[in-house]
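Summary of structural features
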Amino acid sequence: MAFTRIHHVGLVTGDLEHARQVLCEGFGLSIDEHRTPWPEGRPGYDGTTVLEFPIGEVCYEVARPNDTESEAARFLASTNGRGGMYYISFASDDIASDVLGLLSRGVRLKEKWDGQGPVFLDPATCLGLMLQITPDEHYYVHPYYRGNGTVTGLAHVGLASRDPKESHHFWGEVFGLRED
């Protein structure tokens, strides 16, 4: 396996202005306007509009559904409009080998894949989690977009587990990650 880091954490919200206010004014982050100009953002997955907020070597990718029928819109509705963490994206420096390795260990893809770009994994084979594998693009955010330094990185992402043994097997044996 060649997973190098968490690439980004995907969040869903119904209000990008509110997300900008909380993350920029509250947490001291900044929008990476080089990749996602404010206020229009960029087209994202599943008919969403996306803004990126760098946080150390990763980013929050905040998406607003542009409809009421997409999976992102249904997720937002399931949270009574509050939104929240929708998926985690792992960077890979050898995406083809990593995805093939996951497939050989029982993980299925959620969608058709071109063999090169980002791909979502089937939550039914990933402990119910929405996970994405994306090529590590080695993109470094310009210092102008790094915010005011109040929050400088993402230390960890906490996930609840139904069964510690099942979780240990998935992350250790299937994903090939080591315990810290």
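That block above? That's the structure.
So, here is what we can say about the structure in this document. (Residues numbered from 1 in each chain as written. Predicted model: local features only at pLDDT ≥ 70, side-chain atom pairs only at ≥ 80, totals over all residues. Heavy atoms only, no water.)

A short note on the overall build of the protein
For the protein, the count of helices and strands is 4 helices and 7 strands. The secondary structure elements of the protein, listed N-terminal to C-terminal, are β-α-β-β-β-α-β-α-β-β-α. The C-alpha radius of gyration computed for the protein amounts to 16 Å, which stays within 12% of the reference 16 Å derived for 180 residues, consistent with globular compactness. If you line up the protein on its principal axes, its C-alpha atoms span 45 × 35 × 35 Å. Counting over 180 residues, the protein shows a buried share of 42%. Put simply, of all contacts in the protein between residues at least 6 apart along the chain, 61% involve residues at least 24 apart. Carbon and sulfur atoms make up 51% of the accessible area of the protein, which totals about 10,000 Å². (Helix = DSSP H or I, 4+ residues; strand = E, 2+ residues; numbered from the N terminus. Rg over C-alpha atoms; globule rule 2.2 N^0.38 Å. Buried < 20%, exposed > 50% of the residue type's maximum accessible area, 1.4 Å probe, protein only. Contact = heavy atoms within 4.5 Å. Areas by Shrake-Rupley, 256 points an atom, 1.4 Å probe, with all protein chains shown as cover.)

A short note on unusual backbone geometry
Between Trp38 and the following residue, Pro39, the backbone shows a cis peptide bond with an omega angle of 5°. Here Asp46, not a glycine, exhibits a phi torsion of approximately 55°, which is positive. Relative to the helices and strands, Asp46 resides in the loop between strand E2 (42-43) and strand E3 (48-55). By relative accessible area, which is 37% here, Asp46 ends up partly exposed. Its identity as a non-glycine residue notwithstanding, Asn80 has a phi of 55°, on the positive side. Position of Asn80 among the secondary structure elements: in the loop between helix H2 (71-78) and strand E5 (84-92).

Structural notes on the nonpolar core
Grouped together as the largest cluster of nonpolar side chains are 16 residues, with contacts concentrated most on Phe90, Leu102, Leu121, Leu131, Ile133, Phe170 and Phe175. Residue contacts for Leu121: discarding those within four places in its chain leaves Leu102, Val107, Arg108, Leu109, Lys110, Cys126, Leu131, Ile133 and Phe175. Ala19, Phe53, Ile55 and Val58 belong to the second-largest nonpolar core, a separate cluster that totals 14 residues. (Core = buried A, V, L, I, M, F, W, Y, C linked by side-chain atoms within 4.5 Å.)

Remarks on H2
By the burial criterion, the buried members of H2 are Ala72, Ala73 and Leu76. Projected down its long axis, H2 carries its buried residues within an arc of 100°, all on one side. Among the exposed residues of H2, those oriented more than 90 degrees off its buried face are Ala77 and Ser78. Those residues of H2 hidden inside the fold are in contact with strand E1 (3-12), E3, strand E4 (58-65) and E5. (Arc of directions from axis to C-beta.)

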